[in-house]
Amino acid sequence: MEKEAGPVTAGARFDDPWDDVPAPGRGERDGAGGPVAPGAAGGPGKERTAPSAAEIYREVHGSAAFREVRRRYRRFVFPAALAFLLWYLAYVVAATTAPGLMARPVAGSVNVAMAAGLGQFLTTFLLTWAYARHARLRRDRAALDLRWETQEMTRGAVR
């Protein structure tokens, strides 16, 4: 950063919403950009009453909203993955055990094996599209709401 923007901006802190809660031992920053000593956040003699970030995340993990997001994810992913794996295994088993069937022409020089192989690619793209659509319609809003609630709760958390 120093090479591109000069030495003054090299110490600039960029706020990353995914990194609001620093890892233990990394410390916080005061208004001037310098690290704050551990325990100095509450001031001398003050008791910390806010829950820790770990407690907040445990609470969120046990919440009904989090369970709902996970349930929606599992209800799509497990059946879709199982169906895709069975389709792939059926293709592999048919290719190894029924070479006569796989060599049967479908249209011109395209045989059953080639059509099924192209079908594998097609189902991969369809499954990717279906997953993205399911996430967008059924999970993204709930997960984003949960994330923002968690961020708001951790802003005042003891670190």
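The rules behind these values
- Residues numbered from 1 in each chain as written.
- Predicted model: local features only at pLDDT ≥ 70, side-chain atom pairs only at ≥ 80, totals over all residues.
- Heavy atoms only, no water.
- Axes fitted to C-alpha atoms, helices over the stretch in contact; angles between N-to-C directions.
- Helix = DSSP H or I, 4+ residues; strand = E, 2+ residues; numbered from the N terminus.
- Parallel < 35°, antiparallel > 145°, perpendicular 65-115°, else oblique.
- Left-handed = near helix turned anticlockwise from the far one by under 90°.
- Contact = heavy atoms within 4.5 Å.
- Nonpolar A, V, L, I, M, F, W, Y, C, P; charged D, E, K, R; others polar.
- Buried < 20%, exposed > 50% of the residue type's maximum accessible area, 1.4 Å probe, protein only.
- Arc of directions from axis to C-beta.
- Patch = residues over 30% accessible without salt bridge, like charges linked within 9 Å, V, L, I, M, F, W, Y side chains within 5 Å.
- Areas by Shrake-Rupley, 256 points an atom, 1.4 Å probe, with all protein chains shown as cover.
- Salt bridge = Lys/Arg side-chain N within 4 Å of Asp/Glu carboxyl O.
- Expected span 1.5 Å × (residues − 1).

Section: the packing of helix H2 (residues 53-61) against helix H5 (residues 112-155)
Orientation of H2 relative to H5, taken along the N-to-C sense of each, is 155°, at an axis distance of 10 Å. Classified by the angle their axes make, H2 and H5 are roughly antiparallel. In this structure, H2 crosses over H5, and the sense of that crossing is right-handed. Listed contacts from H5 to Ile-56, Tyr-57, Glu-59 and Val-60 of H2 are Leu-146, Thr-150, Gln-151, Met-153 and Thr-154. In terms of residue class, the contact of H2 with H5 is built from five nonpolar, three polar and one charged.

Some points on H2
An α-helix turns once every 3.6 residues. As a result, residues three or four positions apart point the same way. Here H2 has its buried residues at Ala-53, Ile-56 and Val-60. Axial view of H2: buried residues confined to an arc of 60°, hence all on one face. Residues of H2 that are exposed and point over 90 degrees away from its buried face: Arg-58, Glu-59 and His-61. Contacts from the buried residues of H2 go to helix H3 (64-97) and H5.

Let's talk about a nonpolar patch on the surface
On the surface, Val-106, Val-110 and Met-114 cluster together into a nonpolar patch covering about 250 Å² of accessible area. In this fold, Val-106 is placed in strand S3 (residues 105-107). Judged by its relative accessible area of 52%, Val-106 is exposed.

Notes on H3
Spanning 34 residues, H3 covers 48 Å between terminal C-alpha atoms, matching the ideal 50 Å at 1.5 Å per step. When H3 is considered as a whole, its buried residues turn out to be Val-69, Phe-76, Val-77, Ala-80 and Ala-94. Against helix H4 (99-102) and H5 lie the buried residues of H3.

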